[in-house]
Amino acid sequence: MTTKATRKRSDSTEARVKAMQAAAAAQICAPQGVNLRSCDKPFWKAITEARPRDTWTDVDLCHAANLARTMADIELLQISVDEDGLILENKINPAAELLEKLSRRAVSLSRMLHVHTLATVGRSGDAAGLAELERQARAQHHEDDGLIPKGPVQ
């Protein structure tokens, strides 16, 4: 009879140590042969940090690079659509149509890679509770005692 592998608890000391080690490690690099443009790199960083470091396979990272390129292209196309408008010469702007296709691709790749909101943050009901706690904390207007950093939340 074989024994079933047990899942590691995410609230264990071992899990905390592994998380600290992963956070201190260098950023995940794209696999050999996968090219990332400079405009893709902020998206690459956000995507690869959405999951624990040790869960990425090379195939996942290839798809993550595709998602990063897609997200960068969406931003570039959005600038074009903002400048030219949704309608050109009484027709839908081709850039707007391409923007829609890329947006669908990004959603699909995010789901496949498990970097979408449900996978990374949890159910919307959980997020609503966290948002309420944050609103309450903002409303209390504590004086700055230097204990809690006031910089941007990332």
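Basis of the calculations
- Residues numbered from 1 in each chain as written.
- Predicted model: local features only at pLDDT ≥ 70, side-chain atom pairs only at ≥ 80, totals over all residues.
- Heavy atoms only, no water.
- Helix = DSSP H or I, 4+ residues; strand = E, 2+ residues; numbered from the N terminus.
- Polar contact = N/O pair within 3.5 Å; in protein donor to acceptor, adjacent residues only side chain to side chain.
- Core = buried A, V, L, I, M, F, W, Y, C linked by side-chain atoms within 4.5 Å.
- Buried < 20%, exposed > 50% of the residue type's maximum accessible area, 1.4 Å probe, protein only.
- Contact = heavy atoms within 4.5 Å.
- Expected span 1.5 Å × (residues − 1).
- Arc of directions from axis to C-beta.

Here we take up the environment of T55. Mapping T55 onto the fold places it in the loop between α2 (41-48) and α3 (58-84). A distance of 2.7 Å separates a polar atom in the side chain of T55 from the backbone oxygen of P52.

Of all hydrophobic cores here, the largest spans 22 residues; its most connected members are W44, I47, W56, A64, L67, L113 and V115. Contributing elements (two or more residues each) for this core: α2, α3 and α4 (94-113). The biggest single contributor to this core is α3, with eight residues. Discounting chain neighbours no more than four positions away, the residues touching L67 are I47, A106, L109, S110, L113 and V115.

Our next topic: α3. Helix length check: α3, at 27 residues, gives a terminal C-alpha distance of 39 Å against a target of 39 Å (1.5 Å per residue), a fit within 8%. Those residues of α3 lying buried are D60, L61, A64, A65, L67, A68, T70, A72, I74, L77 and V81. The elements touched by buried residues of α3 are α2 and α4. Where α3 ends, the next residue or the one after it, G85, has phi of about 95 degrees, a positive value.

Bringing α2 into the picture now. Where α2 is concerned, the buried positions are W44, I47 and T48. Viewed along the axis of α2, the buried residues span an arc of 85 degrees, placing them on a single side of the element. Those residues of α2 that are exposed and aimed more than 90 degrees away from the buried face are P42 and A46. Buried residues in α2 make contact with α3.

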